[in-house]
Amino acid sequence: MHPLSNTAFNQEPHAPLDSGRVHIGIRYTLSYMKSQLRIPLHTSPEQAARLQALQTVFAQACNSIAPLVQQTGIWNRVALHHLAYKALRAKYPAIGSQMACNVIYSVSRASRLIYQHPSSPFHVSRLGGKALPLLHFTNAAPVYFDRHTLSLKDGQLSMFTLDGRMRFQLALQTQDEARFHHQKLHEIVLARRSDGAFELCFLFSPKTTAKKNQRNPALTDTTTDELPDYVTVEEQT
């Protein structure tokens, strides 16, 4: 089983993180005028435990459908949804319908990176006819949210957890709050930092750019220069 890291890409060491790059389980290279906003969550011990429980179950749910990807060779999000959604909802009823969709998105996204990224040692073209390796999501895997599972209004953040909504009052700067009105929101990711604290990362692009990119869906994907280090790969014999 191989953990995925910088060394798997045989690349030069990365430059220090700046406003264009943020490591939250996967390092984003922000392109097509994309930008990110990171918001730390100042949690109580009880809130932190609830978020950790959600993160753990989210990873478990990802692992429940990863073998389906390995066996069928299907990781397109829509096709994988048709294959996995019903069984996923039955096995993990507590995550709800929309978070189940986010689990499928997470697996599709990671699979696309690992099986199709030009620099991935597990690119399908390098397998030589062997079976796809099996992906395993660790408990450090980020949790993906969307407008149904997370909302932000008048500085109050409301987010899904396994036992009800959790709310935080945020003191957003004026320019940051304006981004939610004037820019296109692409992804919302909950991640746990190395110090154990949780933070949210919002990935934006200007709405004009998003409209242009609707003609080419590939341009709306987050581009990356690194495999996700929250996934390990088990090669099949």
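Just above, that's the structure.
Below is a summary of the structure that appears in this document.

Rules used throughout
- Residues numbered from 1 in each chain as written.
- Predicted model: local features only at pLDDT ≥ 70, side-chain atom pairs only at ≥ 80, totals over all residues.
- Heavy atoms only, no water.
- Core = buried A, V, L, I, M, F, W, Y, C linked by side-chain atoms within 4.5 Å.
- Buried < 20%, exposed > 50% of the residue type's maximum accessible area, 1.4 Å probe, protein only.
- Helix = DSSP H or I, 4+ residues; strand = E, 2+ residues; numbered from the N terminus.
- Contact = heavy atoms within 4.5 Å.
- Pairing = 2+ DSSP bridges.
- Axes fitted to C-alpha atoms, helices over the stretch in contact; angles between N-to-C directions.
- Parallel < 35°, antiparallel > 145°, perpendicular 65-115°, else oblique.
- Left-handed = near helix turned anticlockwise from the far one by under 90°.
- Nonpolar A, V, L, I, M, F, W, Y, C, P; charged D, E, K, R; others polar.

**Some thoughts on the nonpolar core**
Line of reasoning, step 1. The biggest cluster of nonpolar side chains holds 54 residues, and the ones touching the most others in it are Leu41, Phe137, Phe145, Met159, Leu190 and Leu200.
Line of reasoning, step 2. At 10 residues, the largest contribution of residues to this core is made by helix α1 (residues 45–72).
Line of reasoning, step 3. Filtering out sequence-adjacent residues up to four positions away, phenylalanine 137 remains in contact with Ala59, Cys62, Asn63, Ser106, Val107, Ala110, Tyr230 and Val231.

**Here we look at the environment of phenylalanine 180**
Line of reasoning, step 1. Mapped onto the elements of the fold, phenylalanine 180 is located in helix α4 (residues 174–182).
Line of reasoning, step 2. Using a relative accessible area of 25% as the deciding quantity, one classes phenylalanine 180 as partly exposed.
Line of reasoning, step 3. In this structure the C-alpha to C-alpha distance between phenylalanine 180 and phenylalanine 204, which are 24 residues apart in sequence, comes to 8.4 Å.
Line of reasoning, step 4. Look past the residues within four positions of phenylalanine 180 in its chain and what remains in contact with it is Leu37, Leu152, Leu172, Phe202 and Phe204.

**As for the sheet that holds strand β9 (residues 166–169)**
Line of reasoning, step 1. Read from one edge to the other, the open sheet built from three strands follows the order β7-β8-β9, with strand pairing classed as antiparallel. Because the sheet does not close on itself, it has two edges, and the strands there are β7 (150–153) and β9. On average, adjacent strands in this sheet sit at an angle of 15° to one another, irrespective of strand direction.
Line of reasoning, step 2. In terms of strand pairing, strand β8 (residues 156–159) meets β9 through four bridges, oriented antiparallel. Residue serine 158 lies in a different strand from β9, and its bridge partner there is arginine 167.
Line of reasoning, step 3. Across the sheet, α1 touches β8 and β9, and the angle it forms with β9 is around 125°.

**Structural notes on the packing of helix α2 (residues 77–91) against helix α3 (residues 96–116)**
Line of reasoning, step 1. Axis separation between α2 and α3 bottoms out at 9 Å; the angle between their running directions is 135°. By the angle class used here, α2 and α3 are oblique. Like other packed secondary-structure pairs, α2 and α3 cross with a definite hand, here right-handed. Contacts from Arg77, Leu80, His81, Tyr85, Leu88 and Arg89 in α2 reach Gly96, Ser97, Ala100, Cys101, Val103, Ile104, Tyr105, Val107 and Ser108 in α3.

**Some words on the packing of α1 against α2**
Line of reasoning, step 1. Contact geometry of α1 with α2 gives a least axis separation of 10 Å together with a crossing angle of 145°. In this structure, α1 meets α2 at a crossing whose hand is right-handed. In this structure, α1 contributes Ala61, Ser64, Ile65, Leu68, Val69 and Thr72 to the contact, and α2 contributes Leu80, Leu83, Ala84, Leu88 and Lys91.
Line of reasoning, step 2. Here the contact of α1 with α2 is composed, by residue class, of eight nonpolar, two polar and one charged.

Spatial relationships are all this shows, so hold off on functional conclusions.
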